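The residues making up each chain are set out below.
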Amino acid sequence: MAWWSWCILGVVLLGIELFAVDAQFYLVLAGLAAIIVGLLGLVGIDLPVWAQWISFAVLALGLVFTVRRPIYAMLMSKPTLGKISTDLDKRVVVTQELAPGKSCRIEYRGSGWTAVNVGERPIAAGAAARIDSIDGLTLHVRAL
């Protein structure tokens, strides 16, 4: 096969993975293997057609078994906010009565948050509370 046909095959496989099917990164690596075989032909390494197909298969399988898992895990991992300490001990206004262990929605810094009373005392409606900790979009608050 001509070198450019391998490159076209690689681009088509990449396009299918990126725009049509979620094949969990398999087609990306197969497309990359096809492009590598095409680049071998471009730089002057003339292989018979059977050797091109064998090279493509070996490269594709090698990429799948060596680099797919770490790259896919890195790309698909969800970032975690962890513990946020910049807003600890700040005050928020609770809009409704909040019993210990219960939650409600509050407005803080221009967006809606879930507030959970982690203290032992209830927080009255309209009263201020102190941010004890933050977990994602949940504020853990205590009565002042």
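The following refers to the structure shown. (Residues numbered from 1 in each chain as written. Predicted model: local features only at pLDDT ≥ 70, side-chain atom pairs only at ≥ 80, totals over all residues. Heavy atoms only, no water.)

## Comments concerning the pattern of salt bridges
Applicable threshold: Think of a salt bridge as a Lys or Arg side-chain nitrogen and an Asp or Glu carboxyl oxygen that are within 4 Å of each other. Here a helix means four or more residues in a row that DSSP labels H or I, a strand means two or more in a row labelled E, and each is numbered from the N terminus.
Following the criterion strictly, the structure yields four salt bridges and no others. Between Arg109 and Asp87 there is a salt bridge; the shortest N-O distance is 2.9 Å. Pair noted here: Arg109 is in the loop between strand S2 (103–108) and strand S3 (111–117) and Asp87 is in the loop between helix H4 (68–76) and strand S1 (91–93), with a separation of 22 residues, a long-range link. Connected through shared salt-bridge partners, Asp89, Arg130, Asp132 and Arg142 make up one network.

## Side note on the sheet that holds strand S5 (residues 138–143)
Where strands meet in a sheet, backbone hydrogen bonds hold them as pairs that are either parallel or antiparallel. Here is the rule: Criterion used throughout: strands pair if DSSP finds at least two bridges between them. Inter-axis angles, ranging from 0 to 180 degrees, are taken between N-to-C directions of lines fitted to C-alpha atoms, where helices are fitted over the stretch in contact.
Spatially, five strands are ordered S1-S4-S5-S3-S2 in an open sheet, and the strand pairing comes out mixed. Two strands in the sheet have a free side with no partner beyond their single neighbour: S1 and S2. Neighbour-to-neighbour, the strand axes of the sheet open up by a mean angle of 50°, direction not taken into account. Taken together, the three bridges between S1 and strand S4 (residues 128–135) define a ladder with antiparallel strand orientation. Looking across to S4, one finds that Val93 is bridged to Ala128.

## Examining the pairing of S4
As defined by bridge partners, S4 adjoins S5 across six bridges and the pair is classed as antiparallel. In the sheet register, Ile131 faces S5, and the bridge partner there is Val141. Between the antiparallel neighbours S4 and S5 lie two residues, among them Gly136 with a positive phi of about 65°.

## Brief notes about the packing of aromatic side chains
The condition is simple: Pairing of aromatic side chains requires ring centres within 6.5 Å, counting the rings of Phe and Tyr and the six-membered ring of Trp. Pairs whose planes differ by under 30 degrees are stacked, by over 60 edge-to-face, and all others tilted. Here the term buried applies to any residue with accessible area under 20% of the maximum for its type, exposed to any over 50%, and partly exposed to those in between, with areas from a 1.4 Å probe on protein chains only.
In this structure the tally under the stated criterion is four aromatic pairs. For the ring pair Tyr108 and Trp113, a centre distance of 5.9 Å and an interplane angle of 70° mean the geometry is edge-to-face. Given the relative accessible area of 8%, Tyr108 is considered buried.

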